[in-house]
Amino acid sequence: MSTLTLTLRQAPAQTLDLSALVPSKLAGLSTGDIEALPLGELSVGDVFSVAGTPGDQLVIAGSSPFLDYVGAGLDGGTITVEGTVGACAGRGMRSGRLDIRGDAGAYLASIARGGLIHVTGSAGDYAGGVRAGDKFGMLGGMVLVDGSIGERAGERMRRGTIIARGKFGPAAGSRMVG
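Colleague: How should I be thinking about the pairing of strand 6 (residues 57-61) in this particular structure?
Modeller: Side-chain direction in a regular strand flips from residue to residue, so the side chains alternate between the two faces of the sheet. Along strand 6, four of the five residues are buried, which leaves the element largely enclosed by surrounding structure. With five bridges joining them, strand 1 (residues 3-8) and strand 6 adopt parallel strand pairing. Bridge pairing in strand 6 places T3 opposite Q57. Where strand 6 lies against strand 8 (residues 75-82), five bridges are found, and the strand directions are parallel. Directly across from A61, in strand 8, lies its bridge partner E82.

Colleague: Hey, could you run me through unusual backbone geometry in this one?
Modeller: For residues that are not glycine, phi is negative in most cases, and the peptide bond is trans in most cases. The backbone of C88 sits at a positive phi, close to 65 degrees, despite the residue not being glycine. Relative to the assigned elements, C88 resides in the loop between strand 8 and strand 9 (95-100). By relative accessible area, which is 3% here, C88 ends up buried. Residue R156 is not a glycine yet carries a positive backbone phi of 55 degrees.

Colleague: How do you make sense of the pattern of salt bridges when you look at a structure like this?
Modeller: Two side chains bearing opposite charge may form a pair once their charged atoms approach each other closely. Applying the stated criterion across every chain yields a total of six salt bridges. One salt bridge in this structure joins R94 and D75, with 3.7 Å as the shortest N-O distance. Note that R94 is positioned in the loop between strand 8 and strand 9 and D75 in strand 8, a separation of 19 residues in sequence. Of the residues examined, R94 reaches a relative accessible area of 46% and is grouped as partly exposed. Put simply, D99 and R97 hold a salt bridge, and the shortest N to O gap is 2.8 Å. For D99, a relative accessible area of 10% puts it in the buried group. Owing to a relative accessible area of 32%, R97 belongs among the partly exposed residues under this scheme. Through salt bridges with shared partners, a single ionic network connects R152, E155 and R175.

What counts, and at which threshold
- Residues numbered from 1 in each chain as written.
- Predicted model: local features only at pLDDT ≥ 70, side-chain atom pairs only at ≥ 80, totals over all residues.
- Heavy atoms only, no water.
- Buried < 20%, exposed > 50% of the residue type's maximum accessible area, 1.4 Å probe, protein only.
- Helix = DSSP H or I, 4+ residues; strand = E, 2+ residues; numbered from the N terminus.
- Pairing = 2+ DSSP bridges.
- Salt bridge = Lys/Arg side-chain N within 4 Å of Asp/Glu carboxyl O.

Structural measurements only, silent on function.
Okay, structure coming up:
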């Protein structure tokens, strides 16, 4: 099994959309191609040092609440984040595993359809919940949070499982469907 490691050079000063960084999208790309991928106004190479070979495992070493959409659209393989991530981690995830060894921001697993997300810290508001413009929140899969989860976890959630070893915030499961 090949592992690609992205090491954060320094904490970003702005939010970054990391949705392009999933194993299936990186497979077959050279290190240079990966470094050139855009992350908004910056590129992967501007933000991360890249090591290893693209395969079914991706490691993101570094922590920042500005790292948004980590694992969004994940359709197989494993992403391990060694630190905290921002909003929308695991959004639209279909399969695979997302391990976050820190905290996750708001909207963790929104519209996720499958796979497993494990957060060793806490998760923000609306974990598995609905975002503006979406009809439903989480549609399948499993989320395990070792800490607590903020307000409205599972709002308009259709299917799937959310487990918190800590506490759920107010209005958990509000307007669940199904």
